[in-house]
Amino acid sequence: SERIPFFKKPAHTTTLPAQLALRFDCDIIPVYLERNENNTFNMEILNPIKINKTNNPEKDKKEITIKINQTIEKMILKNPKQWIWTHNRWK
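For the structure given in this document, a descriptive report is provided here. (Residues numbered from 1 in each chain as written. Predicted model: local features only at pLDDT ≥ 70, side-chain atom pairs only at ≥ 80, totals over all residues. Heavy atoms only, no water.)

### Topic: the pattern of salt bridges
As a reminder of what qualifies: We count a salt bridge whenever a side-chain nitrogen from Lys or Arg sits within 4 Å of a carboxyl oxygen from Asp or Glu. A helix here means a DSSP run of H or I that spans at least four residues, while a strand means a run of E at least two residues long, and both kinds are numbered starting from the N terminus.
Throughout the structure, instances matching the rule amount to five salt bridges. One salt bridge in this structure joins K50 and D27, with 3.5 Å as the shortest N-O distance. With a gap of 23 residues between them, K50 in the loop between β4 (41–45) and α2 (57–78) and D27 in the loop between α1 (16–24) and β3 (31–35) connect regions that are remote in the sequence. Shared partners join several salt bridges into a network, and the residues in it are E2, E58 and K61.

Listed below in structure tokens is the structure:
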């Protein structure tokens with residue numbers, strides 16, 4: 001993992017989704033799940049995170065990972081009580 005901004009602080013973040021997107025030349029489709037009070041779920045399929053390949057794979061990987069973190073931040077802020085994190089990304 002690399003340290004990528006997450007809520008404005010460097011946080012340990014996997015770059016695997018970015019690596020796979022670059023390797024297989026595909027966009028990343030974020031999915032937002034929300035648990036309802038009756039133990040059902042709402043699912044929202046968000047707009048794709050576009051992958052722009054350049055001649056600098058390390059820079060591309062970092063930029064994609066930043067976009068992913070920004071998307072996750074928006075999901076968390078939409079409904080923070082739905083979010084659970086089981087490890088410390090900021091250690």
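### Considerations on a nonpolar patch on the surface
For clarity, the cut-off: Each patch is built from residues lacking any salt bridge and having more than 30% relative accessible area; the joining distance is 9 Å for like charges and 5 Å for nonpolar side chains (Val, Leu, Ile, Met, Phe, Trp, Tyr). Accessibility throughout is a Shrake-Rupley quantity obtained with a 1.4 Å probe, and a residue counts as covered only by protein chains that appear here.
There is a patch of nonpolar side chains on the surface, built from I29, V31, L33, F41, M43 and I45 and spanning about 610 Å² of accessible area. Residue assignment for the nonpolar patch shows that the elements contributing at least two residues are β3 and β4. Relative to the assigned elements, V31 resides in strand β3.

### Side note on the pairing of strand β2 (residues 9–13)
Going by this rule: Criterion used throughout: strands pair if DSSP finds at least two bridges between them.
Here five bridges tie strand β1 (residues 2–6) to β2, and the two strands are oriented antiparallel to one another. Note that in β2 the partner of E2 across the bridge is T13. Between the end of β1 and the start of β2, which pair antiparallel, lie two residues, with F7 showing a positive phi angle near 50 degrees.

### Comments concerning the pairing of β3
Alignment of β3 against β4, held across five bridges, turns out to be antiparallel. Paired with L33 across the bridge in β4 is M43. Linking β3 to β4, which pair antiparallel, is a turn of five residues; within it N39 sits at a positive phi near 65 degrees.

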